[in-house]
Amino acid sequence: SLTEGESIAILLRHGRRQMLSWVFRVIGSLIIFCGGVLAANYFNGKASRILAEAESCAKLVRYVREQVDSYAMPLSEILARISTEEVFKKILHKEDEDSVKNFKELAENIKITDFEVRKSIIKFLKDFGRASREEEIKECDDCLRCISARRNILAENLPKQKKINTVLCIAASLALIILML
């Protein structure tokens, strides 16, 4: 038989344990929710980067077309300028700052996430420099048309993609929280 003071002390200890348990659950829930928000932010940034890469590829093709059409610039000079232009460094993957030697090497050093844009730009770069000026301009226009169409689709779907990413990541984190509690 317990005295009244002993029973109150036992209840207080038990209450503290329960309170600590709930504090840890709340802290864990906040961490999981923050993880969901960070995951949504990561995936939204990735979707935006894919669109930026498509825009950079379109700028690259426009630049090459302009140089061939307006200035009849030699390919070696076009290549030297491409590898030093800041706008194209986003899609070029080279450790050294040396300019690329040919368009095939440029195609091997390009980094693009979207498969369709990557396929179009690599095909364009590997085939470029083997035909007459008029045919090169036509190749530029064809590639630009493909990349621009894909870029437009990516731009149109970007807001929807961001909403889906946000909803799915936060919903998944909230589902984990519910399961945990």
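Residues numbered from 1 in each chain as written. Predicted model: local features only at pLDDT ≥ 70, side-chain atom pairs only at ≥ 80, totals over all residues. Heavy atoms only, no water.

A.B. asks: What exactly am I supposed to notice about the overall build of the protein chain here?
C.D. replies: The secondary structure content of the protein chain amounts to five helices and zero strands. When the helices and strands of the protein chain are placed in sequence order, the string is α-α-α-α-α. Considering the protein chain as a whole, with its 181 residues, one finds that 31% of them fall into the buried category. Put simply, 61% of the contacts in the protein chain that link residues at least 6 apart link residues at least 24 apart. Surface summary for the protein chain: the accessible area is close to 11800 Å², and the carbon and sulfur share equals 60%. (Helix = DSSP H or I, 4+ residues; strand = E, 2+ residues; numbered from the N terminus. Buried < 20%, exposed > 50% of the residue type's maximum accessible area, 1.4 Å probe, protein only. Contact = heavy atoms within 4.5 Å. Areas by Shrake-Rupley, 256 points an atom, 1.4 Å probe, with all protein chains shown as cover.)

A.B. asks: Explain the state of the cysteines here, please?
C.D. replies: When the sulfur atoms of two cysteines share a covalent bond, that bond is a disulfide. Taken as a whole and assessed by the stated rule, the structure comprises zero disulfides. In this structure C140 is not part of a disulfide, and its nearest cysteine sulfur, from C143, lies 7.7 Å away. You can call C140 buried: its relative accessible area is 1%. With no disulfide of its own, C143 lies closest to C146 among cysteine sulfurs, the gap being 6.6 Å. For C143, a relative accessible area of 6% corresponds to the buried category. (Disulfide = S-S within 2.5 Å.)

A.B. asks: Quick question: what am I supposed to make of a nonpolar patch on the surface here?
C.D. replies: Together, M19, L20, V23, F24, I27 and I31 give the surface a local cluster of nonpolar side chains, amounting to about 620 Å² of exposed area. Among the structural elements, M19 can be located in helix α1 (residues 4-71). Residue classification places M19 among the exposed positions, given a relative accessible area of 56%. (Patch = residues over 30% accessible without salt bridge, like charges linked within 9 Å, V, L, I, M, F, W, Y side chains within 5 Å. Salt bridge = Lys/Arg side-chain N within 4 Å of Asp/Glu carboxyl O.)

A.B. asks: What should I look at first to understand the pattern of salt bridges in this one?
C.D. replies: Where charged atoms from two side chains of opposite charge approach closely, those side chains can pair. Using the criterion set out here, one finds eight salt bridges in the structure. With its nearest N and O atoms 3.4 Å apart, the salt bridge here joins D127 to K123. A residue pair is termed a helical-turn pair when its members lie 3 or 4 positions apart in one helix, as D127 and K123 do in helix α4 (residues 115-127) at four residues. With a relative accessible area of 30%, D127 lands in the partly exposed category. Salt bridges sharing common partners tie together R65, D69, R133 and D141.

A.B. asks: How do you make sense of the environment of A131 when you look at a structure like this?
C.D. replies: Residue position: A131 is located in the loop between α4 and α5 (133-180). With residues up to four places along the chain from it excluded, the contact list for A131 reads E136 and E139.

A.B. asks: Can you walk me through a positive patch on the surface in this structure?
C.D. replies: Judged by side-chain charge, K104, R118, K126 and R130 come together as a positively charged surface patch. With respect to the secondary-structure elements, R118 resides in helix α4. (Lys, Arg positive; Asp, Glu negative; His and termini not counted. Charge placed at Lys NZ, Arg CZ, Asp CG, Glu CD.)

A.B. asks: What am I meant to see in the packing of aromatic side chains here?
C.D. replies: Aromatic rings in a pair are described by how distant their centres are and how their planes are angled relative to each other. In total, this model carries two aromatic pairs according to the counting rule given. Between Y42 and F43 the ring centres are 5.2 Å apart and the planes differ by 70 degrees, which places this aromatic pair in the edge-to-face class. Judged by relative accessible area, which is 47%, Y42 ranks as partly exposed. A centroid spacing of 5.2 Å and a plane angle of 50 degrees characterise the contact between F124 and F128, whose relative ring orientation is tilted. Summarising the burial analysis for this pair, F124 and F128 share the class buried. The lysine or arginine in question, R25, covers the ring of W22, its NZ or CZ lying 5.0 Å from the ring centre. (Phe/Tyr/Trp six-rings, centres within 6.5 Å; stacked < 30°, edge-to-face > 60°. Lys NZ or Arg CZ within 6 Å of the ring centre and 35° of its normal.)

A.B. asks: Quick question: what am I supposed to make of the nonpolar core here?
C.D. replies: One recurring pattern in soluble globular proteins is that nonpolar side chains are buried together. One finds V64, I82, I121 and F124 to be the most contacted residues of the largest nonpolar core, which totals 35 residues. Secondary-structure elements contributing two or more residues to this core are α1, α2 (75-84), α3 (103-108), α4 and α5. For I82, the residues in contact, after removing those within four places along its chain, are L60, Y63, V64, F88, L92 and L106. (Core = buried A, V, L, I, M, F, W, Y, C linked by side-chain atoms within 4.5 Å.)

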